[in-house]
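# Analysis of the macromolecular model
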Amino acid sequence: MAVPRTYHIVTLGCPKNDVDSSHLERILTGGELLPVIQPEDADAIIVNTCGFIEQSQAESIAAVEELAAHKREGQTLIVAGCMTQLYGRQVREEHPAIDHVFGVGQWPEVARLLSVDVDAIFDIPESNVRVAGPSAYLKISDGCDAPCTFCVIPKIKGGLRSAPAGLLVKEAQRLVAAGAKELVLVGQDTTAWGEDLGMPVASGLPGLLEMLAEAVGPDVWLRLMYAYPSRVTPALIETMARLPNVVHYLDVPLQHGSEATLRRMKRPHSTEKVMRFIEELRRAMPDVVLRTSFIAGFPGETEAEFRELLDFAKAIEFDHAGCFTYSRQQWTPAHDAGSQVPDKLKAHRRDRFMRQQQKIAAARSRAFVGRELHMLIEGAGEDDDGSPVAAGRTYREAPEVDGLVIARGEAVAGERVRVRIEQSAGYDLFGRIL
Ligand code: SF4
């Protein structure tokens, strides 16, 4: 292989994978390789795959096939990440155009293959830290120790590994210096942060939030994603309510609302406990916005259990809720469970859930009309009449998952402005920049 000068990275999957890809970018640009926008211009193409569920694996394979079909002579195609951690040999055998296959956590090996002197770029210059729009992801941990019977993540990523607090503080400051106005904390389970470092749940994440809040100052938003229900403690709620820059938003994937299904999923929380901490969250932060996700059609799910899920979600009224059909994952206990729910029924239940949720979300959105909020501008331009208009996110919307607020008025991408919400339509909000 000739020494590569340019690279192109394709990232599939979740925000945690985006963070992993930016890490590779930082190593490659530190080694003086140049990023290119078009894959055909790259000497090396790296695909960072997702292996979470069948659908994500299929998307990853489709991306690899597309790149392989247009691969030109002398170009190197590298496939890495979660999917190849699980199915590396098979992927390579079935796609001979792939030159190299890596699993997760092998960026130094990928960089060495591309002739980057990894040891020499140990201290990557700050100017190489990139922020997309006004927000940046801060990955506080990787891996997971939970026993969820449907999830293959612990097999792909291994057990919990928390990043040291000092490193996270430094990284947070770098991201803010590069322009970030919001840090979105991600990990497979952010609330487990610090447990592997010997910290009790009550002081781990709350303590980290205190440190980060002090390090970045009161004007930078901190947003928590992927909380594990049984670790949403009074200490965490109190810290979120007290620190001025922790946004009143919590993403807590609950997976189901039936006790029987939750036990088969090996999820330790009870619906009663969830109801209690949600009450506490709403008492401490009356304006708190809640996001969750559920699985419809888990093995053995009866119509009665599914109805419990509907009733549970209706009782709580989540601002944002997703519902996925159960996807059988090799190497997980649920894969071999006898009572698989037929695909058609799973999809039907998911659609029933989403029809209910649309009404709830619309009512929750309507409650924002008349409020004045800060908004981070993602993009600005003109509408059909030539009037200035901007799209952005308030504390109510997490990047990439919750949509955008559209506001009339002048603004610059990356800025924080104040908006008045004037209208809601379905999930969406419309307003005016003040
Ligand atoms: S907590 Fe999340 S990442 Fe960990 S095993 Fe359960 S679903 Fe998977």
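Residues numbered from 1 in each chain as written. Predicted model: local features only at pLDDT ≥ 70, side-chain atom pairs only at ≥ 80, totals over all residues. Heavy atoms only, no water.

What the chain contains, in helices and strands, is 12 helices and 18 strands. Over its C-alpha trace the chain gives a radius of gyration of 22 Å, about what one expects of a compact globule, namely 22 Å for 434 residues. Summarising its shape, the C-alpha atoms of the chain cover approximately 60 × 60 × 50 Å along the three principal directions. Across the 434 residues of the chain, 53% fall into the buried class. Pairs at least 24 apart in sequence give 73% of the contacts found in the chain among residues at least 6 apart. With an accessible surface of roughly 19200 Å², the chain has 52% of that area assigned to carbon and sulfur atoms. Both charge centroids of the chain, one from 48 positive and one from 60 negative side chains, sit 6 Å from each other. (Helix = DSSP H or I, 4+ residues; strand = E, 2+ residues; numbered from the N terminus. Rg over C-alpha atoms; globule rule 2.2 N^0.38 Å. Buried < 20%, exposed > 50% of the residue type's maximum accessible area, 1.4 Å probe, protein only. Contact = heavy atoms within 4.5 Å. Areas by Shrake-Rupley, 256 points an atom, 1.4 Å probe, with all protein chains shown as cover. Lys, Arg positive; Asp, Glu negative; His and termini not counted. Charge placed at Lys NZ, Arg CZ, Asp CG, Glu CD.)

Right, let's talk about the nonpolar core for a bit. Formed by 51 residues in total, the largest nonpolar core has its most connected members in L183, L185, L250, F294 and F353. M375, I377, I421 and I433 belong to the second-largest nonpolar core, a separate cluster that totals 26 residues. (Core = buried A, V, L, I, M, F, W, Y, C linked by side-chain atoms within 4.5 Å.)

What follows deals with the sheet that holds strand β15 (residues 388–393). Spatially, β14-β15-β16-β18-β17 is the arrangement adopted by the 5 strands of the closed barrel, whose pairing is mixed. Adjacent strand axes in the sheet meet at a mean angle of 50° when their direction is disregarded. One ladder, built from 6 bridges, connects strand β17 (residues 416–425) with strand β18 (residues 428–433); its direction is antiparallel. Within β18, the position partnered with A425 by the bridge is D428. (Pairing = 2+ DSSP bridges. Axes fitted to C-alpha atoms, helices over the stretch in contact; angles between N-to-C directions.)

On to the site of the ligand, then. Near the ligand, the surroundings consist of C144, A146, C148, F150, C151, I153, P154, Q188, Y228 and R267. Per-class residue counts for the shell around the ligand are 8 nonpolar, 1 polar and 1 charged. (Near = heavy atom within 4 Å. Nonpolar A, V, L, I, M, F, W, Y, C, P; charged D, E, K, R; others polar.)

Let us look at helix α8 (residues 234–242). For α8, the set of buried residues is L236, I237, T239 and M240. All buried residues of α8 lie within an arc of 165° about the axis, which places them on one face of the element. On its buried side, α8 packs onto α7 (204–216), β10 (221–224), β11 (246–251) and α10 (271–284). (Arc of directions from axis to C-beta.)

The subject of this paragraph is the packing of aromatic side chains. Counting across every chain of the model gives 7 aromatic pairs. Ring centres 5.4 Å apart and planes at 35° place the aromatic pair Y87 and W331 in the tilted group. Of the two residues, Y87 sits in helix α3 (residues 82–94) while W331 sits in the loop between β13 (320–325) and α12 (343–366), which places them 244 residues apart along the sequence. The class of W331 is partly exposed, set by a relative accessible area of 44%. Taken together, the aromatic side chains of F294, F312, F318 and F353 make up a single cluster linked through ring pairs. We note K16 situated over the ring of Y226; from NZ or CZ to the ring centre the distance is 3.8 Å. Here the guanidinium or amino end of R223 rests over the ring plane of Y249, the centre of that ring lying 4.6 Å away. (Phe/Tyr/Trp six-rings, centres within 6.5 Å; stacked < 30°, edge-to-face > 60°. Lys NZ or Arg CZ within 6 Å of the ring centre and 35° of its normal.)

Counting buried positions over the 5 residues of strand β6 (residues 135–139) gives 5, a clear majority of the element. With burial as the criterion, each face of β6 is covered, one bearing S135, Y137 and K139 and the other bearing A136 and L138. Relative to strand β9 (residues 182–186), β6 runs parallel, the two sharing 5 bridges. In the sheet register, S135 faces β9, and the bridge partner there is E182.

Partitioning the chain into domains gives domain 1 (6–121), domain 2 (131–366) and domain 3 (372–433). One C-alpha centre belongs to domain 2, the other to domain 3; they are set 25 Å apart. Of the residues lining the interface, 23 residues belong to domain 2; the matching set on domain 3 comes to 21 residues. Together, the buried faces of domain 2 and domain 3 total about 1900 Å²; carbon and sulfur atoms form 55% of this surface. Per-residue buried area on domain 2 facing domain 3 is highest for P134, W221 and S365; these three make up 31% of the total on that side. Among the ionic pairs, R291 bridges to D402, the shortest N-O distance being 2.7 Å. In this structure, the connection of domain 2 to domain 3 is made through 15 residue pairs in polar contact (both at pLDDT 80 or more). When contributions to the side of domain 2 that touches domain 3 are tallied by element, the ones reaching two or more residues are β6, β9, β10, β11, β12 (289–296) and α12. The dominant element in the side of domain 2 that touches domain 3, judged by the number of residues it contributes, is α12, at 6 residues. (Domains from an automatic or database assignment. Buried area = accessible area lost by both parts, 1.4 Å probe. Salt bridge = Lys/Arg side-chain N within 4 Å of Asp/Glu carboxyl O. Polar contact = N/O pair within 3.5 Å; in protein donor to acceptor, adjacent residues only side chain to side chain.)

Among the structural elements, F312 can be located in helix α11 (residues 303–316). Taking relative accessible area as the criterion, F312 reaches 5% and is therefore assigned buried. C-alpha of F312 to C-alpha of G166: the two residues are 146 residues apart in sequence and 40 Å apart in space. Setting aside residues no more than four positions away along its own chain, F312 makes contact with L254, H256, G257, T271, V274, M275 and F294.

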